[in-house]
Amino acid sequence: MVRPLADNGVGTPASFLRKTFSVASIGGSETLRISALGLYICFINGKRVGNDILTPGWTSYDKRLSFQTYSVSEFLAAGENTIEIWLADGWYRSQLMWGKFPIFNTYGDQVAALAEMRSSADGAVLVATDDSWESGELPVRKSGIYFGEIFDARVGVEASGGSEAIAFEFGRLVASETKPVRELAALQPVKQWNDAAGRTVYDFAQNVGGYVAYSVRGDAGAKVTVEHAEVLDKDGNFYNVNFRTAEARTEYTLAGQGDEQFRPHFTFHGFRYARITVEGNAEVSQVVSVPISSVTELKAGFTSGNTLVDRLFLNTVWSQRGNFIDVPTDCPQRDERLGWTGDAQVFASTAMYLAESQGFFHKWMRDLMADQRDDGAVPHVVPDPTRLQPEHYPGFYGSTGWGDAVWVVPWQLYLHYGDVAFLNEALPNMIRWVDFVWSISDGPVVQPPRDWGARGFSFGDWLQPSGPSAKPLPTISDEASATIYLYIAASHVARIARIAGQDDEAQRLEAAAAEVREAFQREFITASGRVGGDDQTSYALAFLHDLIPAEKQDAAKGYFKNAIARSAGRIGTGFIGTPALLPALVKIGEWGLVADVFLQEEVPGWLYQVKMGATTIWERWDAIQSDGSIYNPQMNSYNHYAYGAVCQWLLEGVAGFRPDPEAPGFEHIIFEPTIIDGLSPVQAHHDSPKGLIRAGWRVEGDQVHYEIVVPEGTRGTLRLADVYRNATLDGSDVADGAALAPGKHAITFSYAPTKRQDRAKSQVNATTP
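1. Some remarks on the overall build of the protein chain
In terms of helices and strands, the protein chain carries 14 helices and 37 strands. Taken over C-alpha atoms, the radius of gyration comes to 27 Å for the protein chain, in line with the 27 Å a tight globule of 769 residues would show. With the principal axes as the frame, the protein chain shows a C-alpha extent of 80 × 65 × 55 Å. Taken across its 769 residues, the protein chain has 61% of its residues classed as buried. Taking as baseline every contact in the protein chain between residues at least 6 positions apart, the subset at least 24 positions apart corresponds to 73%.

2. Here's the deal with the packing of aromatic side chains
The tally for this structure, following the rule as stated, stands at 50 aromatic pairs. Aromatic side chains Phe 324 and Tyr 641 sit 5.7 Å apart centroid to centroid with 70° between the ring planes, which places their arrangement in the edge-to-face category. Pair noted here: Phe 324 is in strand S26 (residues 324-325) and Tyr 641 is in the loop between helix H13 (606-611) and helix H14 (646-655), with a separation of 317 residues, a long-range link. You'll find Phe 324 and Tyr 641 in the same group, each marked buried. Ring plane angle 65° and centroid distance 6.3 Å describe the contact between Tyr 353 and Phe 657, whose orientation is recorded as edge-to-face. Note that Tyr 353 is positioned in helix H3 (residues 341-354) and Phe 657 in strand S28 (residues 657-659), a separation of 304 residues in sequence. For the residue pair Tyr 353 and Phe 657, the accessibility class agrees, reading buried in each case. A cation over a ring is seen here: Lys 191 above Trp 193, with NZ or CZ 5.2 Å from the ring centre.

3. Observations regarding the sheet that holds strand S5 (residues 47-48)
The strand order across the open sheet formed by 5 strands is S5-S4-S7-S2-S10, and the pairing between neighbours is antiparallel. Only two strands of the sheet have a single partner each, and these edge strands are S5 and strand S10 (134-137). Pairing between strand S2 (residues 15-23) and S10: 4 bridges, direction antiparallel. Counted as the bridge partner of Ser 15 is Glu 137 from S10.

4. Some thoughts on the layout of surface pockets
Taken as a whole, the largest pocket encloses approximately 1600 Å³ of empty space. Lining of the largest pocket is provided by 45 residues; of these, Leu 544, His 545, Pro 583, Gln 648 and Glu 652 occupy positions nearest its centre. Those elements that provide at least two residues to the lining of the largest pocket are H3, helix H5 (405-417), helix H7 (478-499), helix H9 (536-544), helix H11 (578-587), H14 and S28. Its residues assigned to classes, the lining of the largest pocket shows 27 nonpolar, 10 polar and 8 charged.

5. Looking at the sheet that holds strand S35 (residues 732-733)
On the basis of which strands lie adjacent, the open sheet formed by 7 strands has the order S25-S30-S31-S32-S37-S34-S35 and antiparallel pairing. Edge positions in the sheet fall to strand S25 (300-303) and S35, since each has one partner strand and no second. The sheet contact formed by strand S31 (residues 691-700) and strand S32 (residues 703-710) spans 7 bridges and is antiparallel. In the strand pairing of S32, Ala 695 is matched with Ile 708.

6. Description of the pattern of salt bridges
Summed over all chains, the structure comprises 53 salt bridges. Among the ionic pairs, Arg 3 bridges to Glu 164, the shortest N-O distance being 2.8 Å. Within this pair, whereas Arg 3 is found in strand S1 (residues 2-4), its partner Glu 164 is found in strand S13 (residues 163-165), the two being separated by 161 residues in sequence. Looking at Arg 3, the relative accessible area reads 16%, which means it is buried. One salt-bridge network, held together by shared partners, links Arg 64, Glu 177, Asp 326, Lys 363, Arg 366, Asp 367 and Glu 425.

7. Examining unusual backbone geometry
Cis geometry marks the peptide bond from Val 382 to Pro 383; its omega dihedral reads -10°. Its place among the elements puts Pro 383 in the loop between helix H4 (358-371) and H5. Residue Val 603 is joined to Pro 604 through a cis peptide bond whose omega torsion reads -5°. Tracing the chain through its elements places Pro 604 in the loop between helix H12 (591-599) and H13. Positive phi, close to 60°, is recorded for Arg 244, a residue that is not glycine. Its place among the elements puts Arg 244 in the loop between strand S20 (238-239) and strand S21 (249-253).

8. Focus on the side chain of Gln 206
Following the sequence through the fold, Gln 206 ends up in strand S17 (residues 200-218). Among all residues touching Gln 206, those that are not within four sequence positions of it are Leu 187, Phe 271, Arg 272, Arg 311, Trp 318, Thr 615 and Thr 616.

9. Structural notes on the environment of Gly 342
With respect to the element layout, Gly 342 can be found in helix H3. Residues Gly 342 and Ala 746, 404 residues apart in the sequence, show an inter-C-alpha distance of 39 Å. Look past the residues within four positions of Gly 342 in its chain and what remains in contact with it is Gly 401 and Trp 402.

10. Side note on the confidence of the model for the protein chain
Of the residues in the protein chain, 98% have a pLDDT of 70 or more, and the chain-wide mean is 96. This model gives residues 758-769 a pLDDT under 50, and the stretch forms 27 contacts once residues within four places in sequence are excluded.

11. Thoughts on the environment of Arg 719
Mapped onto the fold, Arg 719 is located in the loop between strand S33 (715-718) and strand S34 (725-729). Expressed as a C-alpha distance, the spacing of Arg 719 and Ala 739, which sit 20 residues apart in the sequence, is 9.5 Å. When neighbours within four sequence positions are excluded, Arg 719 is seen to be in contact with Arg 658, Ile 670, Phe 671, Glu 672, Pro 673 and Asp 736.

12. Observations regarding the packing of H7 against helix H8 (residues 503-524)
Axis separation between H7 and H8 bottoms out at 8 Å; the angle between their running directions is 155°. Judged on the interaxial angle alone, H8 and H7 are roughly antiparallel. When you trace H7 past H8, the crossing you get is left-handed. Every residue of H8 that contacts H7 at Glu 479, Ala 480, Thr 483, Ile 484, Leu 486, Tyr 487, Ala 490, Ser 491, Val 493, Ala 494, Ala 497 and Arg 498 is listed here: Asp 503, Glu 505, Ala 506, Gln 507, Leu 509, Glu 510, Ala 513, Val 516, Arg 517, Phe 520 and Phe 524.

13. Notes on the pairing of S31
Here strand S30 (residues 682-688) runs beside S31; their pairing, made up of 7 bridges, is antiparallel. Looking at S31, one finds that Asp 687 is bridged to Leu 692. The turn linking S30 back onto S31 is made up of 2 residues.

14. Looking at the packing of H11 against H12
Where H11 meets H12, the closest approach of the two axes is 8 Å, and the angle between their N-to-C directions is 160°. The pairing of H11 with H12 is recorded here as roughly antiparallel in orientation. In terms of crossing hand, the pair formed by H11 and H12 is left-handed. Of the residues in H12, those touching H11 at Leu 581, Leu 582, Leu 585 and Val 586 are Trp 591, Leu 593, Val 594, Val 597 and Phe 598. Split into classes, the residues belonging to the contact of H11 with H12 amount to 9 nonpolar, no polar and no charged.

15. Brief notes about helix H2 (residues 307-323)
At 3.6 residues per turn, the α-helix brings residues three or four places apart onto the same side. Over its 17 residues, H2 extends 24 Å from the first C-alpha to the last, a length consistent with the 24 Å expected when each residue adds 1.5 Å. Taken across its 17 residues, H2 has 16 buried, putting it largely inside the fold. The distance from a side-chain oxygen at the start of H2 to the backbone nitrogen of Leu 308 is 2.9 Å, and the residue carrying that oxygen is Asn 306.

16. A word on the state of the cysteines
Counting across every chain of the model gives 0 disulfides. The structure places no disulfide on Cys 331, whose sulfur is separated from the nearest cysteine sulfur, that of Cys 647, by 19 Å. Here Cys 331 falls in the buried class, since its relative accessible area comes to 0%. Cys 647 gets classed as buried once you look at its relative accessible area, which sits at 0%.

What counts, and at which threshold
- Residues numbered from 1 in each chain as written.
- Predicted model: local features only at pLDDT ≥ 70, side-chain atom pairs only at ≥ 80, totals over all residues.
- Heavy atoms only, no water.
- Helix = DSSP H or I, 4+ residues; strand = E, 2+ residues; numbered from the N terminus.
- Rg over C-alpha atoms; globule rule 2.2 N^0.38 Å.
- Buried < 20%, exposed > 50% of the residue type's maximum accessible area, 1.4 Å probe, protein only.
- Contact = heavy atoms within 4.5 Å.
- Phe/Tyr/Trp six-rings, centres within 6.5 Å; stacked < 30°, edge-to-face > 60°.
- Lys NZ or Arg CZ within 6 Å of the ring centre and 35° of its normal.
- Pairing = 2+ DSSP bridges.
- 1 Å grid on protein atoms, 1.4 Å probe; cavity = no way out; pocket = protein on both sides within 12 Å on 5 of 7 lines; lining within 4 Å.
- Points joined across faces, edges and corners; volume = space filled by probe spheres on them.
- Nonpolar A, V, L, I, M, F, W, Y, C, P; charged D, E, K, R; others polar.
- Salt bridge = Lys/Arg side-chain N within 4 Å of Asp/Glu carboxyl O.
- pLDDT = per-residue confidence, 0-100.
- Axes fitted to C-alpha atoms, helices over the stretch in contact; angles between N-to-C directions.
- Parallel < 35°, antiparallel > 145°, perpendicular 65-115°, else oblique.
- Left-handed = near helix turned anticlockwise from the far one by under 90°.
- Expected span 1.5 Å × (residues − 1).
- Polar contact = N/O pair within 3.5 Å; in protein donor to acceptor, adjacent residues only side chain to side chain.
- Disulfide = S-S within 2.5 Å.

If you want it as structure tokens, here you go:
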């Protein structure tokens, strides 16, 4: 591992390492293995190696550092060759975290590179990093994940110093575990205008994680500055106050040599709009938005008779793309961009439907396990910048609903990919987490402390809408939500232990789960059947996970419905309650209420943000008010995928296909549609590891036509609700539980959907992702 002596520390010009070497002949399969402390780009004989972005990615660098392997024969020539490695601060040492206490030099204060090129003929090393490499400064004069990039094209890539080998533990190295970050198809601006100051604003019509690329021609020394924003204010002005301390800009100074092209090298932004300022004599042209992502292939689709719903699905696709940039971040724009565990755990299943995510989550989960504390507490964010510098962020770990990512994500990998190996790998960490949550209050009822940083602090049902300020709506308590999550975790980890063959551990956890269940019923369910805080989240989670005794279920259903009525038929749930809300209502047979809650178009609601022009999922239900005014910018992201977890329900619940936990990886597919008034016709698909699954239905009078495709090499089972009558399968009478062979099937049945209340139905264009 070699550092460039030309480097002067965080926030200073980026630097390079360079070496000239000789190759007698080219065998055709020469390989380069390469990594860095910081971010790197490699060139051989002036040509860039690979098209991966932001390599080597973001890991818990002090414990795990990934390396990439490239075939480089095409870049080499017999005789003299030159390899050059550009290095920048990246996640390694540029600012992470926010506000008054940003963290710099999170993992170290020296950027460095590690590289080795081998011959195909005999495996001999052709060139490798050592202290004989020269170094110098780059035209990249400053870069940072939140900051952006300053590039001066007048600066040559000239050597000015040498290099130094530094201490490095090679046991930290891991071969790249996931698909690299790559560019997606560029987006052209749909509109542009000049503001009062003469700056040009471009609207690309889609919020993305990525950067702006452009061509420019002009005099040497002229400068082009690009600023980024997700929204316009109510008066139509460029607005990025919600970026907080993230400058999120690029500056390019021209060399004055004809047509020049620029896109940043070591950063990314979250934006729909770009504002370009030109200083000096220069003209900008061919401006495009370039999305980047670790997930580049769409694996699922959903359309219906409601274009707002269709656009909601596409908004979720784009939020995943913009936030799955090596790490499943909460947002790509402000001074945060962190791998929040709560967001990831509620969205994991949706993510695996929308894109191939197995390697992506393997990598992230291994960082989670590396960052897990000795007592079993899981950090709020992974990789965790606070672990090595906790001074201003003490106790940034241990929240129920967030730390549960330690078992939720491997469980979803098991369901979607049949990934038993990773269940086994992560099981010890899951058990440590369950034991940690139990230890918070030394018993089955969890009582999280209220103070941030205290051991076992819980976010509860984060960002639950409060309702009218004069009389806020009730919400689940931290105690109730933490206790429910302890039950969910203990019961699931027990099941995982059974799969792993650890029966003694499974028995212990099953006993703990039973104790928690009994304690929850005793502490949080009244004699009359009220649950938790008599709020939507309490009922949704309790019904979904069978925590309500049979004799109290009818009463609890009534209270659940009343909780929704108190919020005028709108959502009353936050991060942990929202994914459970619609499935719970379906489970108790309230399909008409499901339609009312899901399809209503006012705030808070999924379709409100679509109606307000959203092209990704918002962090807050009320991020933009109905009059166009912006909510408090201190915590207001317009690209936050968590609430997009509803797309799991659209595929599994509405279209009606899901993996069977008893035969995971879609070896056995359960087909069980939910007919929702206002959505016909529905069409959905998922390109599963076992092949393409299709399901769709349309309503004609009281007849439902449900058509499905079971992939070859798999099997299916048809589940029919009690309210479906006179069902047929491929023209013959059929009952619930019928087996489905591979191929196409046509199912019909009689059903009259409960008509939802009449509401204004807006229509928007649902563009192709």
